[in-house]
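Close look at the chain arrangement
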Amino acid sequence: MSSRIPLEAARVLRLGRPPEIWFKPALSVVAAVAPPNLTLVALDRLDLAMYTMAGSLCALYAHNRPYAARARTLAWVLLGMLGGLAAALLAASLTGSAVVLVTVGAVLAAVQKVLCDATRIGPPGNVILTFVSSAALFVPQTLAEIPGHLALGAAAGAWAWLVGMAPGLLRPHGPERRATAAALRATAAYAESVREHTRAHAEHDNTDSANAATALAAARQALLGAGRATDAHRALGRLLDRAEIALAAPADADPDLLRAWARDLRGTGPVPLVDDLTLLRGEPAPRDPLWARVRPLGRLAVRTALGCAFAGYASLALGVGRPYWALVTAASLYQASYTLTWGRGVQRVVGNLLGVLLFAALVPLAHTGGLALVLCCAALNFGAEALIGRNYWLGSVCVTPMALLITEFAGFQDPGRLIGERVLDTIVGALIGLLAALAVPDRARARVVRTGHGTPRTLAGAEHREVPHPDQRTQSDTTEGVRP
């Protein structure tokens, strides 16, 4: 057992390949965050940046969704962000009891976790919402100030919505084309592995088949999310028909042709035209109502609320002035199984410890003035989004100093104290969060995870189930999504 622990830790820290469009969220978050913050610097009101950041950080969501679906998703994310912020500000204005505020933060974290999982909002999931609402709980507030602060968040959120939608002006079908190309490449990889099949490659073939089936289902979902079907969408659908035929009969497929079609989908050129095989497809399964998707997540809500609450209480007992860091750490851990949760805890702790070292190196530069502080945060935002797809811990190396610098928007603080509190809260939040996961297990969800990664799915059942697009997966499905 003792020898397995280092091996498991090394596995969860292993770096993966970066996502195909890693640069898009990285550039988008900088474009969404920098203008509002630079405006506040010019007005000498950087103390208000926490409220504009709440709206700006909505730009982190929905990058792989078709633009029709992205418009709706970003709007709902902004409403959810403002709702959590309003509840936190209201609580902060009505009470100064830290215990009560931690309790409110834990309840908000549980609601945000359940809603994000039920709606499959995708990375970064509930963590950004919880970070903003938990931090706002401990900002001095009056009832009269709340409308103005919410207006700042709404204005920055509207700008983030425009930033998220802007690429559609140049490449209106970009997300659907990328999803279709990914499905073609995954199917080509499976067909190629079958041709080279031996007993030693059997497990590898099953993995390739599952990857191809998931990519095909995700591409179908992308086309459904695009709204009104255009000629380009119909052409993409016919390419997916060909990929499904290849998945059903991989020995007869031509991997080179599938990859050639995938290459042709780059840019804005015409979609390759193939024969219409619409009769191969069935009707998409209806989506369950929201209440039906929320109901099975009751144990997850209890686990999140308890883990966040007790992490915050422990932080208060240790004399930490910012218990919301422990609360957010606990909220960020919970995945679909305890193994995944434990791995997330290891990633969180490693990334945060390295991140505080980076913060210590950046402090002399950031403390030269408000402009330097804002530019450092923008650079860290870019770094977090650029690295997040490789592994959770690598993104945390940038997220941690960014979160620490955000606390200094209202005024520079003692870096030694900030570092000590962040390290302590990270360890406390991770330990208590893991204990809560053990105390309130969810074996039903764990069984779903185990059975979902088995043998290849057949075409008849795979493509019409509600399988999320890569950007719609929950945090248990991907290493993307680490945030403060």
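Here, the structure is the one placed above.
This write-up is about the structure you can find in this document.

Rules used throughout
- Sequence order as written defines residue numbering, which begins from 1 separately in each chain.
- Totals for whole chains, interfaces and linings use all residues, but because this is a predicted model, local features are given only for residues with pLDDT of at least 70 and pairs of side-chain atoms are given and counted only at 80 or more.
- The side-chain values count all of the structure's non-hydrogen atoms but skip hydrogen atoms and water molecules.
- Counting from the N terminus, the helices are the DSSP runs of H or I reaching at least four residues and the strands are the DSSP runs of E reaching at least two.
- For the exposure calls, accessible area comes from a 1.4 Å probe over protein chains only, and a residue counts as buried if that area is under 20% of its type's maximum, exposed if over 50%, partly exposed in between.
- The criterion for an aromatic pair is that two Phe, Tyr or Trp rings (for Trp, the six-membered ring) have centres within 6.5 Å, with stacked assigned to planes under 30 degrees apart, edge-to-face to planes over 60 apart and tilted to the rest.
- Whether a charge sits over a ring depends on NZ of Lys or CZ of Arg being within 6 Å of the ring centre and within 35 degrees of the ring normal.
- We define a salt bridge as a side-chain nitrogen of Lys or Arg found within 4 Å of a carboxyl oxygen belonging to Asp or Glu.
- Take the buried Ala, Val, Leu, Ile, Met, Phe, Trp, Tyr and Cys residues and link them wherever side-chain atoms come within 4.5 Å; each set so joined is a nonpolar core.
- We call two residues contacting when some pair of their heavy atoms lies within 4.5 Å.
- Expected helix span is given by 1.5 Å per residue-to-residue step, counting one fewer step than there are residues.
- As a rule, the C-alpha atoms of each element are fitted with a line to give its axis, helices using only the stretch in contact, and angles between N-to-C directions run from 0 to 180 degrees.
- Angles below 35 degrees are treated as roughly parallel, those above 145 as roughly antiparallel, those between 65 and 115 as roughly perpendicular, and all remaining angles as oblique.
- Helix crossings are classified by the rotation of the near helix relative to the far one: an anticlockwise turn of less than a right angle makes the crossing left-handed, while a clockwise turn makes it right-handed.
- Three classes are used: nonpolar for Ala, Val, Leu, Ile, Met, Phe, Trp, Tyr, Cys and Pro, charged for Asp, Glu, Lys and Arg, and polar for all others, with Gly counted as polar.

Looking along the chain, the bond that leaves proline 123 and enters proline 124 is cis, with omega of 5°. Among the structural elements, proline 124 can be located in the loop between helix 5 (98-119) and helix 6 (126-137). Positive phi, close to 60°, is recorded for aspartate 44, a residue that is not glycine. Backbone geometry at alanine 62 places phi at a positive 70°, although glycine is not the residue there. Of note, alanine 62 is situated in the loop between helix 3 (49-56) and helix 4 (67-94). Judged by its relative accessible area of 0%, alanine 62 is buried.

So, on to the packing of aromatic side chains. Here the structure, examined in full by the defined rule, presents four aromatic pairs. Relative to tryptophan 325, the ring of tyrosine 324 has its centre 5.8 Å away and its plane inclined at 65°; by these criteria the two rings are edge-to-face. Accessibility expressed as a relative area gives 7% for tyrosine 324, which makes it buried. Here tryptophan 325 falls in the buried class, since its relative accessible area comes to 3%. When the ring centre of tryptophan 325 is taken as reference, the NZ or CZ atom of arginine 422 above it lies at 5.3 Å.

Attention shifts here to the pattern of salt bridges. Enumeration according to the criterion identifies seven salt bridges in this entry. Between aspartate 117 and lysine 113 there is a salt bridge whose closest N-O contact spans 3.5 Å. Of this pair, aspartate 117 and lysine 113 both sit in helix 5, separated by four residues, roughly a single helical turn. On the accessibility criterion, aspartate 117 (12% relative accessible area) is buried. Look at lysine 113 and you get buried, because its relative accessible area is 3%. In this structure, arginine 220 and glutamate 244 form a salt bridge, with 3.1 Å as the shortest nitrogen-oxygen distance. Taken together, the positions of arginine 220 in helix 9 (residues 202-225) and glutamate 244 in helix 10 (residues 231-248) put the pair 24 residues apart, joining distant regions of the chain. Given a relative accessible area of 5%, glutamate 244 falls into the buried group. Salt bridges sharing common partners tie together Arg220, Asp241 and Glu244.

Let's shift gears to the nonpolar core. Among the nonpolar cores identified, the biggest contains 59 residues, and Leu57, Tyr61, Leu405 and Phe409 are the most heavily contacted of them. With sequence-adjacent residues up to four places away left out, leucine 405 is seen in contact with Phe359, Ala366, Leu373, Cys376, Cys377 and Leu380.

Spanning 18 residues, helix 10 covers 26 Å between terminal C-alpha atoms, matching the ideal 26 Å at 1.5 Å per step. Of the residues making up helix 10, those classed as buried are His233, Ala235, Leu236, Gly237, Arg238, Leu239, Leu240, Asp241, Ala243, Glu244, Ala246 and Leu247.

An α-helix turns once per 3.6 residues; consequently, residues spaced three or four apart project the same way. For helix 7 (residues 146-165), built from 20 residues, the straight-helix expectation of 28 Å at 1.5 Å per residue is met to within 8% by its first-to-last C-alpha distance of 28 Å. Among all positions of helix 7, only Ile146, His149, Gly153, Ala156, Gly157, Ala160, Val163, Gly164 and Met165 are buried.

With that settled, consider the packing of helix 16 (residues 370-387) against helix 17 (residues 392-406). How two helices sit against one another is set out by the angle between their axes and by the gap between those axes. At a minimum axis separation of 8 Å, helix 16 and helix 17 run at an interaxial angle of 155°. On the basis of the axis angle, helix 16 is roughly antiparallel to helix 17. At the point where helix 16 passes helix 17, the crossing takes the left-handed sense. Facing Leu373, Cys376, Cys377, Leu380, Asn381, Gly383, Ala384 and Leu387 of helix 16, the residues of helix 17 in contact are Leu394, Gly395, Cys398, Val399, Pro401, Met402, Leu405 and Ile406. When its residues are assigned to classes, the contact of helix 16 with helix 17 shows 13 nonpolar, three polar and no charged.

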